[in-house]
Structure formats: C-alpha cells, structure tokens
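Each chain, letter by letter, is given below.
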Amino acid sequence: MKAPLSWIKDYIDLDGVGIEEIANLLTNVGLEVESVQLVGVEKPEGKLKNKYFGLLWDKEKFVVAEVVEVNQHPNADRLTLCELNDGTGITTVLTGAPNMFPYLGKGRLEQPIKVAYAREGALLYDGHQPGQVVTKLKKTTIRGVESRSMICSEKELGISEEHEGVIELDADAPVGMPLVDYMGDVVYEVAILPNMARDASILGIARELSAVLGRPLRLPEGVALEKGGAIAEKVGLEVRNTELNPRFMLGMVEETQSHQSPYWVRRRLSLAGMRPIDALVDATNYTMLEIGQPLHAFDYDLLRERAGGKPTIITRTAYEGEKITLLDGSELQLDPQIELVTDTVGPLSIAGVMGGSETGVRAETRNLLIESANWNFINIRKTLSKTRINSEAAYRFSRDVHPALAETALSLCLKRVQEWGGGEVVQGVLDEYGKPYVDTVNRISAENIAEVLGQEISLEESTRILERLGFTCWMEGRELVAKSPATRTDIESGIIGQRNLIEEIARVYGYERIAEKRLSDELPPQVGNPGLEAEERIRDIMVSIGLQDTLAYRQTSPEREARLNIGRKAPEGLAYVRLKNPITPERTVMRRSAKATMLELLEYNAKFRPGLALFELGPVFLPVVGEILPHEALRLSIGMTGAWDMASWDRPQSPAMDFFDLKGVVEALLDGLHLEGVKFQAVEHPSFHPGKCAEVRVGKEILGVMGELHPQVKKNYAFGQNPVLVAEFDGEALVRLSNAVFTNRPISSYPAMVEDIALIVDESVPADELEALIWQAGGKLLVDVKLFDVYRDARLGEGKKSLAYQLTYQAFDRTLTDKDALNIRNRIVKQTKNTFGAVLRSQ
Amino acid sequence: MLEIEEKLQAELARGIEALQTVADAESLEAWKQEFLGKKSLVMQVYGSMGKLAKEERPIIGKAVNQAKAGLEATLAEKEEAIKAASQQEAFTKETLDVTLPGRKPRRGRIHPLHLTLRQIYRIFGDMGFQIYRSPEVETDDYNFTFLNMPPYHPARDMWDTFYTDKEGVVLRTHTSPGQVRVMRERAPENIRVILPGTTMRYEQLTARSEIEFIQVELLVVGKGITFADMRGTLNDFARRTFGENARTRLRPSFFPFTEPSAEMDVECFVCDGEGCGVCKGTGWLEILGCGMVHPTVLRYGGYDPAVYSGFAAGMGIDRSTLMRYHIDDIRHFRNNDIRFLEQF
Ligand SMILES: [Zn+2]
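Now for a quick tour of the structure. (Residues numbered from 1 in each chain as written. Chains lettered and ligands numbered in written order. Predicted model: local features only at pLDDT ≥ 70, side-chain atom pairs only at ≥ 80, totals over all residues. Heavy atoms only, no water.)

Let's shift gears to the overall build of chain A. Counting its secondary structure elements, chain A contains 23 helices and 41 strands. On C-alpha atoms alone, chain A measures out to a radius of gyration of 41 Å, which is more than a quarter above the 28 Å that the 2.2 N^0.38 rule sets for 843 residues. Along the first, second and third principal axes, the C-alpha atoms of chain A reach 130 × 80 × 60 Å. Within the span of chain A, comprising 843 residues, buried residues form 54% of the whole. The contacts of chain A with a sequence gap of at least 6 include a subset with a gap of at least 24, amounting to 68%. Carbon together with sulfur atoms contributes 49% to the accessible area of chain A, which is approximately 37,400 Å² in total. Positive and negative charge centroids in chain A, built from 97 and 122 side chains respectively, lie 6 Å apart. (Helix = DSSP H or I, 4+ residues; strand = E, 2+ residues; numbered from the N terminus. Rg over C-alpha atoms; globule rule 2.2 N^0.38 Å. Buried < 20%, exposed > 50% of the residue type's maximum accessible area, 1.4 Å probe, protein only. Contact = heavy atoms within 4.5 Å. Areas by Shrake-Rupley, 256 points an atom, 1.4 Å probe, with all protein chains shown as cover. Lys, Arg positive; Asp, Glu negative; His and termini not counted. Charge placed at Lys NZ, Arg CZ, Asp CG, Glu CD.)

Dropping the structure here:
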C-alpha cells in the first residue's frame, strides 16, 4: 500500500512530526515501511533507518507557472510554443505535449493553463528514457527555436510513469510558487499484514498514527444517506444468499459526466499507484483507497437498455455453464460456487472481484449506479483460487471487510461523483443488510495484560490506546470492557479476543518498552536427541577422514533418478511423493535415492577438481501403503572419483581411486562409530560394476551397498575415465548400531614381537575368513594382523594366491620369547591348513 | 740441536703452511700422504728409530712426536673446517624456496548451513533448549489448520505451498508444524525446544530466493511464560550470535499461530547501522519472527490456554548465513559447487 503523506494529513494533524519519524512510527506499530519516496521534498537529515528514493525539486528551478497562449512551432507540426508566465515574466517554452494542441490558435487564453515549470539547470527525470534517469535541463535548439526550460510531465517529476502529456494543474495553483511548496509529497510504501487489511487504506494508516501519537482523527464526511426513496423507482435489488453477500447497497447520481478529475485527485491516485481514469471511476477508486471499501460503478442507461425497462440487480451464485466477459476482455467460465452480481439478463460482474465489460462506465455515461457491497471473504478466496484474478477489490474483500464500511463508502463516493463529475445525487439508497455484523465485546483486567506481556500497562493507558484505535471502552469493576470498532472484523471474543486486545495495546504501547527477562520457569524433563547426536558424529567422522559435507535438494524427478539404471530404465512401480505444482519439470517428486543425488553432485563437480570425495546425510521419501505420510528415511551417501591426494607442484597425481579407497573410507567410518560385527559381502546390484560391489551387513541387517558404478550406468552421466565410487547407507541403522560407549583396549608395556607370514590359498578363499581364522588361531597373544601383500604367480599354482600378513605378538605380563612366537605361528599354520588348505610360503 | 730435530721442526712449519692452501677433500688427502703418509718424513723417522743411537732416541722421539702431534692437530682443525664448509655448501644446495605452496592434505569441511545450525544448537543448548525434529512432508492439518489457519484462511497466502498429489499432504512451508507435534508428545510437561529442519516454498529460484531452505523454530510452553521472557531470550540469542553489543528492535508483525506477534531486527553488522547494500539502506537486518503462542495452537497441542502460555520464534538460517559470509547467491548452498564449499 502506497500512502501519500499529503493525503494522510487530511485526517490527522502531523505538524512537528518528521518524515523519518512517521516512517518509524508506522513500522513500530506494525505497518512496516518498505520504502519512502520523496516527491520533490528534501531528504531528512540525521541517521536514517529507512530506504529513501526520489527526486528533489529545487525551489528556484521548479515553480508553478501558467501558459497564457499556445502557438504553432514555425518549423515543426508536432511542437507548440507556449507563452508562459512563471511569476517573473513571460517566456516562450517549447513543448510537444499533445494536451497543449487543443489550445492552439486560441490567442490569449481566457483561462490560462496552470503547469509545473522547470527552469534551465533543473535536475529531473528524462522523460524519454525508461525508468528514472536523472538529467540536467540544458539549453538546446530544436528546429531553429531555442529551448532552455520545460513544462513537465508526471514522469519527469517522478510522480508516475505518465509521459503522454504535461501536467495541467488545478486552476487555483498560485503562479510563481515553488512547486515543492505547492505539491511536494512523501509516499510511504507500507507492507500490510494479513490481520491488518483494514489498514490497506489511507484512513486506516492515519488511524494507527492517531493511536500512537495520541492526536485526534478527522473523519471524512459524505452525503447523508436515507434508505429507500426515489432510487427505488429507478432500480430493484434482490440478494439471494445473505451468507455470501451479507450486505448490498446501491446509490445513484444522475446527469453526471465522465471527464477528468481535478489534478489533485489524479496526483493522489498516481502516487498511491492507481491510474486515474475519469471522474466517475476515480471517485470509486479514491474512496476505496481512502477507507478500504471497494465499490463498483455501472452505467445505468446500459442496465436499463439490457432490461428493457427498470433494471433489477440480483446477487446470486453462478448457474452451471454460465459465462462472463470481464473488463479486461477475457471470457470466463463460471461455476456454482462463484458469487455474481447479475441482472435479469445475466451476469454483470464477479462479486467483489472484477466487473463485466458490458455495463461499466464509458465516456458517454451520464447516469451512474454505484454498488457498495460486502462479500463473504472465504467464498471470495475460493473464487480467486479458481479464477486467478488479481484486483484491488479482490485483495481487500479476500481479507474481510466490515459491512459497516459499505455505508460510509457509498456516502463518500456519491459526494465525490457529484463534486468531480457533476450531476445530482438521486434521493435515497437501496440497502439489503441481511446479515448484520455484531461487533465483539471483550473484557480484560490489568492482570490479564501482565500475564501475557510480563509488563504492567495500566487500564487507563490501555483505554486511551483502544479508544484511539476506535474501540468503545468502559470500566466494569476492575475490568476494562472494549467494544470493537465498526471498521474491523479481526477482534474475536473470549480468550482469543483478550489476546487480540492485548496485542493492540502492546503494539501501540511499543514492543521496545516491554521488559526483557530471562526464562525462569522450571526446566522441562531432560530429553536427549541420540539420533541427532549420532548424525552429527557421522558428519564429524566423515569430515575428519577428509570428505566434504554437502546438502541436497529434496526435490528431483523420476527421470533423474532413472539414470541410476542401465538404459535409464527405472524398475516398474516405484512409488514417489509427487508434487501437484512442481516449480520445474526437473523437480516433480521427492527423492527416493541418495545415490542418485550423489552421482549428480559428482557429475557437476568433476570438471572442477581432479579428485572428489563427498558425502551427504539427509532423508529420502518413501511412500508407505496405508500411511498418509511417507517414511522419511535417513540416508548417508558417499561419492568418490579421481585422485584422493590433492595434486602438488612437485609430485605426480596419485592414481585414481578404486573400490578399496571407498572401502577404506567406509571402514574408517564404521570404526569411528564403533560398530561391531561388520561384514562386507560381494553382491550383484544393477547400478554397480559386476564383481566390484559389496553389501555391508551387521548380522542379518543390511547397512548399505557400496561399489564402483557400472560402466553402462556411468554412461548416463558425464564422467571421464576414472572409476566412480558410490555408497548409500541406511542412516537410521548406522545411528542405531553405533556405540557411543565402547571398551577401550589396554596398552601393554612389554615389547611386541613382529613377524611376517605368507599363506598360499585357493582364489576362492575370502580374505576376511582367512583373517578371522588367523585371529582365532593366534589366541590372546596375537594383538595385530595386517595384510600387506596379495600375490599371484604361475609358480604358486593355477588358481592360487598368496596373502602376506604382518603379525604382532605381545603379552601384558612378560616379554615373549622366540618359543612363544613359534608356538603361535605353528598354530596359525596348522589351523589355516586344516580349514583352507593353506600352505606356508617359503621365504 | 740435532739436524733431524731441525728437519722435523721445518717439516711441521712446512706442513702447517701447506695446509693453509688446502681447501677440499682431495688436496687434503694429498697433504695427508705428504706429511703423514708412509713416505712422509715423520713416518720415516718413526721407521728409522730402531737404527738410532740409544741416547738420540728420546730426543728424536720427542721431536717426532711433537711434529706428528702438531701436524695432526692442524689437520683435525682443517678437517673440521672443510667438513663445516662442505656442509654449508650442502645446506646452500638444499635451501628451499619456503614460499612455494605446501602439499595440501584432503580436508573435509562441514557445509556452511550445518555450521550455522551447530552454532544455534550450542547457543540454545546453553539456555536449556532441547532439539526436536518433525517430518518435512506434512499434513495440511499440521502445516496450517492446527496453526490456526483453517482452509481458505487469508494467512495461508503468506506461504506459497507445494502440494502433493495426495489430498491433504503438503511439503511443510515452515518448521512450525513441529510445535503441535512436540506439544502433543509432551503435554502437559513444560516445553523448551528448538525445531530445526528443511522447509519448502513454491518460489522462483533466484540468487535471493530458494524453494528449499533451513529454518529453526523455537518453542517454550509453560506456566507464566510472557512476552518479556521472549524478548529476553531472543535478545540473549542475538547477543550470542552477533556480539554482546548487538542492538535489536522488536516490531509488531503477524503470524496466525502467535498473538501478539513480532519481528526482530538486528542492527546491520556490515555497516553498523549506517545503511548499506546488505540491509538495503535501512541499517536493520530482519532475523526472526516470533510471538506468544496463539491460544488455538495451545489447544490443538493439548494445553489449556487458560493455564499455560508460551512463545515461539522462527528464523531462516540460509539468509543469515548469506549475510554472515557475504555470499552472493543463495543457490550455492544446495548446488554444492566444490569451489564454494571448499572456502569454509
Ligand atoms: Zn547495512
């Protein structure tokens, strides 16, 4: 909402309150000022807490002037030469403004045209460039005629984008007066909160200032309204559903005219962001901006023509299959939820949203019928969500308007139409008020206020605040009773109504004046969050290993996830959480696969670095049959490709990572989480390279799958030669099986003995089983087993491999002897031979 | 003095002098051969000792010993000097350009948003807040209705919502649904929790607006909780986050699930409140929305609003992280460009 200060001042005396202070007062009362536009006036001094923009009208350079004669430019048809009096004498000013042409050749004008005049050297906006580009007015010669100064358009002065013609000021503008003194202004752009829609009006904003400053509000006065009367002869009214249309009023002006409104009206509308149209439409828009009640104007003669006699206005919901052509020319298919204003012939407008094209105001309009109505805001919202129409009227009606405003607005609007358009107000109004609004009454005590705010505010002060906001207040015993004003519908009753009142009191009192305390209530039962703690532990371990933490989008598409499969063919029947209104075809569902996300991250980053090692911890979304919400399963994904070591200037790049680099990372993680009984088992998986994929298990529980990406899956991404390694783990299982507490092994102070042993076994013997057996055979004196070589050679025999281990023996109570070592070694050799047919390889 | 004595003295003098010109290991070796080798005068004198007259032996023996000791001592000195010189030469050869870059180990980093989250966990943890998480895909009831926004409520416009193809299921637009979930789980105990998590809004993806972002919500429920408690708690948070001299302002706002509602601004830490691009010239940065829990929400959570009260606050951490590190584009957080992440 844009509020010109000059307009606000119609309703409240703001003498002595600065531009910046007004902005801060509005923000502090809940009307956040987003920007302050300076229209000609100087920027305030001091430390400013608001965003200012605009054009300064130098008092010497911009003045009110009058054009006394308009002549043709000798060498250009499209230019005129205006004889202009700026209070210091007559100058000739050149202009191409079309609105000067009608005065051509009229000689000395009886009624001079008042204009906004800029002298040489003035800084103003360039009218011929888009946007607001400041330019300095310099002497030029146009087609042989010298030009030093100009008559300004609204665009050049920063009032609006209008540059079709120059401004014609109202006749009473004093010639020679600095323009800024005549019509300089300040426009506050205010963000209207949903519960303060009543303040989407100049009067609403003035009322807030009145409350916070403690200055009285001057209410505008319209014409006196009488129910019934002559108007009843002209038009009929029928409201079919008072739930949807609680109130409907009609007033009428005869013999009026659709000419321009006075310039001050046009300027105010422009500054408030509405385009001036003509006196009749401007009167409805002006009244809406003034008090927040939208109005609609009909050309009465068109209604009469349609009806073939006295028209009857009927408000009703649409019939199945009914259509309407709107003001903007679009045709709309209606349905029975949509409330309409109709006549006996058909729809005239979508109630409270937008008028139809057939019966609106036109240049020929002489008799004007004005609708001032109230509509059920929920139903308006349903209409809006269906029709996707935006209008100033719909904006206000969809936030609920008090029905009493219909009456105020009609009275004001009739007065304006008569003043600006001329004509006579037809005696009487029609008023169907089938559902009178009952204003709430609430009672609060000083204790109620202190209990919520933690701050004492006296009932006297509270009363003052509420009364200035329009509440009617009185005391009953120790309680303040407040009847809500007939302008707002947001104050409920009961405990919520009390809260509403406390909020009103607090915001006007000033939030910054409320005390600051530390919580002093009893702490709740202490509940930890082991899941989160374990997640953070996983994150720390991964980072300590050297992997980069990432954060993934939840939204993806099935096509993107299908890239995990050979030929991009996803398995049939994958259930997704699907979005009804995706923002892009790239993000239509919630992701199911953390691997897919990780591969995209690797793909995206592979071009930037020779080696990548990433991880991500986050949920996937798995629909569950019979459940309304999906299972949000925590996943840990790991992705690695290229060299592990970062390149340096004197060492060659280390080789590309392979399966065992990934496995090393996984082992380090599982070790860090103190998981026990972990097994890696070779498996086949459609996304992974055959023979280079493992499942990670603890007992029967599968923790995850890891391996090298299948070459044909890799083709689905823009990867180079290097193997791509990826793993996806069940984060919940990791969290559940991790041990924050574990048994620390003691360290012996006796020396250890180290020896190497190489065992030749069949290829089919899994390394982990052989190692497990070594541990078992070694007994408690065997404290470390390290595989350091795997060797294959024809001399070992077909299908054989040699595994070389470094074994460490150590006791806690003595120094071991060679004999101890021999015993252990013999046990290992014997048992591995018995179980796996292992042969000790001669040194 | 015997002739031989004089010869030895001369030999010593000659040796010392000759050694002065010796500068490397090779000439040193030649010198050793000449003065202390088998054919040297000193060694020849030793070799001929047996043939000497008995009375000459001690005299000559002493003389030869002196000469040998003298030569050896000088040699040792020289050797030491040559060793030092050659080591110095080696050092010079090995001298590094210490300004060359070091070999970088692979360093993992925590994602910047997770860093911010951890900081918030710590600050509120110190104040006795526990962490509670709730689903990202939510029911319309929890996301709206239980938060005092029945269907078609105007406040629903405040959030551009992603709907799913399942009726009544949305992507949560804020972490506030967690308020009712934690209340229902814990009623009638006191509550002091933070609710962190990803939220999603239907917005155009630009440098300043995201469809997914992380919020942290705050909820306190108990007996006698007031607006003043809220102000104190949030100011404490602001001071812990932005420094002990951080200035804040609380101004009225609207959220359907709180009443009274407020928004908290902190004085811009980039320009110290003077006005700059980050604060759009206002000197203030909006950091959170807050308010006293609405009686309707307390009721939905299982608390009697006549007995219990509470406050809630919510903040978007993407935006505050942007400001903290002067990041130019909010999309960096989820694009995970390694060149961006490596800077943390
Ligand atoms: Zn700033």
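Let us now look at the coordination of the zinc ion. Residue and element names in this part refer to chain B. Protein-derived ligands of the zinc ion are C268 (SG), C271 (SG), C276 (SG) and C279 (SG), with the metal-ligand distances lying across 2.2 to 2.3 Å. For the zinc ion, the four donor atoms are set out with angles of 103 to 113 degrees between them, so the coordination reads as tetrahedral. Each donor residue of the zinc ion lies on the same chain, and together they follow the pattern C-x2-C-x4-C-x2-C. Comparing C276 with C279 shows no difference in burial state: the two are buried. (Donors = N, O, S within 2.8 Å, 3.2 Å for Na, K, Ca; no water. Tetrahedral: all angles 85-135°; square planar, octahedral: opposite > 155°, others 65-115°.)

Each partner contributes to the interface: chain B provides 114 residues, whereas chain A provides 96 residues. Counting the surface lost from both chain B and chain A, the interface buries some 9,200 Å², and carbon and sulfur atoms represent 53% of this. It is R103(B), R106(B) and Y152(B) that lose the most area in chain B upon contact with chain A, and together they represent 10% of the buried surface on that side. We note a salt bridge from D650(A) to R103(B), for which the minimum N-O separation is 2.6 Å. Along the contact surface separating chain B from chain A lie 54 residue pairs in polar contact (both at pLDDT 80 or more). Taken together, the residues of the side of chain B that touches chain A break down into 46 nonpolar, 29 polar and 39 charged. (Buried area = accessible area lost by both parts, 1.4 Å probe. Salt bridge = Lys/Arg side-chain N within 4 Å of Asp/Glu carboxyl O. Polar contact = N/O pair within 3.5 Å; in protein donor to acceptor, adjacent residues only side chain to side chain. Nonpolar A, V, L, I, M, F, W, Y, C, P; charged D, E, K, R; others polar.)

Further remarks concern the pattern of salt bridges. Residues and elements named next belong to chain A. The full count for this structure, using the stated rule, is 85 salt bridges over all chains. A salt bridge links R416 to E290; the nearest nitrogen and oxygen atoms lie 2.3 Å apart. Pair noted here: R416 is in helix α12 (residues 404-421) and E290 is in helix α8 (residues 279-291), with a separation of 126 residues, a long-range link. Exposure remark for E290: the relative accessible area of 1% places this residue in the buried category. What emerges from the salt-bridge pattern is a single network uniting R198, D199, E208, R488, D490, E504 and R507.

This paragraph deals with the side chain of S802(A). All names here are of chain A. Along the chain, the position of S802 falls in strand β40 (residues 800-809). Within the structure, S802 has its side chain in polar contact with the side chain of R841 (distance 3.4 Å). Apart from residues no more than four positions distant in its own chain, S802 is found in contact with A758, L759, I760, D789, V790, Y791, L796 and R841.

To continue, consider the pairing of strand β34 (residues 678-682) of chain A. Residue and element names in this part refer to chain A. As paired strands, β34 and strand β35 (residues 688-698) are joined by five bridges and run antiparallel to one another. Bridge pairing in β35 links F680 to V696. Here β34 folds back onto β35, and the loop between the two strands holds five residues. (Pairing = 2+ DSSP bridges.)

Right, let's get into empty space enclosed by the protein. One pass over the structure, following the stated rule, counts two cavities of 30 Å³ or more. Volume-wise, the largest cavity comes out at about 110 Å³. Lining the largest cavity, in full, are G546(A), Q548(A), G611(A), L612(A), A613(A), L614(A), M646(A), R106(B), R107(B), R109(B), I338(B) and E342(B). Looking at the lining of the largest cavity element by element, the count peaks at four residues for strand β32 (residues 611-622) of chain A. Here the lining of the largest cavity is composed, by residue class, of five nonpolar, three polar and four charged. Within this model, the second largest cavity holds a volume of roughly 50 Å³. Taken together, L244(A), E339(A), I350(A), A351(A), W375(A), N376(A), N379(A), I380(A) and T383(A) make up the full set of residues lining the second largest cavity. The element best represented in the lining of the second largest cavity is helix α10 (residues 377-387) of chain A, accounting for three residues. Residue classes in the lining of the second largest cavity are distributed as five nonpolar, three polar and one charged. (1 Å grid on protein atoms, 1.4 Å probe; cavity = no way out; pocket = protein on both sides within 12 Å on 5 of 7 lines; lining within 4 Å. Points joined across faces, edges and corners; volume = space filled by probe spheres on them.)

This paragraph deals with the sheet that holds strand β5 (residues 76-85) of chain A. Pairing is antiparallel across the open sheet formed by five strands, whose spatial order is β6-β5-β4-β7-β12 (chain A). Two strands lie at the open edges of the sheet, namely β6 (90-95) and β12 (150-151) of chain A, each paired on one side alone.

Here we come to the nonpolar core. Residue and element names in this part refer to chain A. Of all hydrophobic cores here, the largest spans 219 residues; its most connected members are I8, W57, L157, Y188, I313 and I350. Element by element, the count of residues in this core is highest for α12, at nine residues. Beyond its immediate stretch of four places on either side in the chain, I313 contacts V235, G236, L237, E238, F248, L250, L303, V341, T342, L348 and L369. Core analysis: the second largest hydrophobic core is formed by 35 residues, A613, L617, A733 and L734 among them. (Core = buried A, V, L, I, M, F, W, Y, C linked by side-chain atoms within 4.5 Å.)

A separate point is the sheet that holds strand β36 (residues 701-709) of chain A. All names here are of chain A. The mixed open sheet is built from seven strands, whose spatial order is β29-β32-β33-β37-β36-β35-β34. Edge positions in the open sheet fall to β29 (548-550) and β34, since each of these has one partner strand only. For this sheet, the mean angle separating the axes of adjacent strands, direction not counted, is 20 degrees. In this structure, β35 lies alongside β36, joined through seven bridges in antiparallel fashion. Bridge pairing in β36 places V696 opposite G704. The sheet strands contacting helix α18 (residues 594-606) are β29, β32, β33 (631-642), β35, β36 and β37 (724-730), and the helix crosses β32 at an angle near 150 degrees. (Axes fitted to C-alpha atoms, helices over the stretch in contact; angles between N-to-C directions.)

Residues that lie three or four places apart on an α-helix share one face, since the helix turns once every 3.6 residues. All names here are of chain B. Between its first and last C-alpha atoms helix α8 (residues 227-242) spans 22 Å; for 16 residues at 1.5 Å apiece the expected length is 22 Å, and the two agree. Two to three positions downstream of the cap, the backbone nitrogen of A228 sits 3.3 Å from a side-chain oxygen, assigning the N-cap of α8 to T226. G243 sits one or two positions beyond α8 and adopts a positive phi of about 110 degrees. (Expected span 1.5 Å × (residues − 1).)

This part takes up the side chain of R106(B). The residue R106(B) is located in the loop between α4 (56-94) and α5 (112-126) in this model. Although R106(B) is buried, it forms no salt bridge, and the closest oppositely charged side chain is E342(B) at an N-O distance of 6.5 Å. One polar contact links the side chain of R106(B) to the main-chain carbonyl oxygen of A643(A), over a distance of 3.2 Å. For R106(B), the side chain forms a polar contact with the main-chain oxygen of W644(A), separated by 2.7 Å. Not counting residues up to four positions away in its chain, the partners in contact with R106(B) are G546(A), G611(A), L612(A), A613(A), A643(A), W644(A) and M646(A).

On to a positive patch on the surface. Together, K51(A), R208(B), K280(B) and R319(B) give the surface a local cluster of positive charge. The residue K280(B) is located in the loop between β7 (258-267) and β8 (284-293) in this model. (Patch = residues over 30% accessible without salt bridge, like charges linked within 9 Å, V, L, I, M, F, W, Y side chains within 5 Å.)

What follows covers the packing of helix α2 (residues 19-29) of chain A against helix α5 (residues 202-213) of chain A. Residues and elements named next belong to chain A. Look at α2 against α5: their axes get within 10 Å of each other, and the N-to-C directions meet at 95 degrees. When the axes of α2 and α5 are compared, the pair comes out roughly perpendicular. Counting all contacts with α2, which are made through I22, L25, L26 and V29, the residues of α5 involved are I205, E208, L209, V212 and L213. In terms of residue class, the contact of α2 with α5 is built from eight nonpolar, no polar and one charged. (Parallel < 35°, antiparallel > 145°, perpendicular 65-115°, else oblique.)

Attention shifts here to the packing of aromatic side chains. What the rule picks out here adds up to 22 aromatic pairs over all chains. Considering the side-chain rings of Y717(A) and F719(A), the 5.7 Å spacing of their centres and the 35 degrees angle between planes classify their relative orientation as tilted. For the pair Y717(A) and F719(A), a shared accessibility class is recorded, and that class is buried. Aromatic pair Y303(B) and Y308(B): ring centres 5.1 Å apart, planes at 80 degrees, arrangement edge-to-face. Three or more aromatic residues link up through ring pairs in this structure, and these residues are W7(A), W264(A), Y286(A) and W420(A). Of note, R316(A) hangs over the ring of Y319(A), and the distance from its end group to the ring centre comes to 3.8 Å. A cation sits over an aromatic face here: K663(A) above F680(A), 4.3 Å from the ring centre. (Phe/Tyr/Trp six-rings, centres within 6.5 Å; stacked < 30°, edge-to-face > 60°. Lys NZ or Arg CZ within 6 Å of the ring centre and 35° of its normal.)

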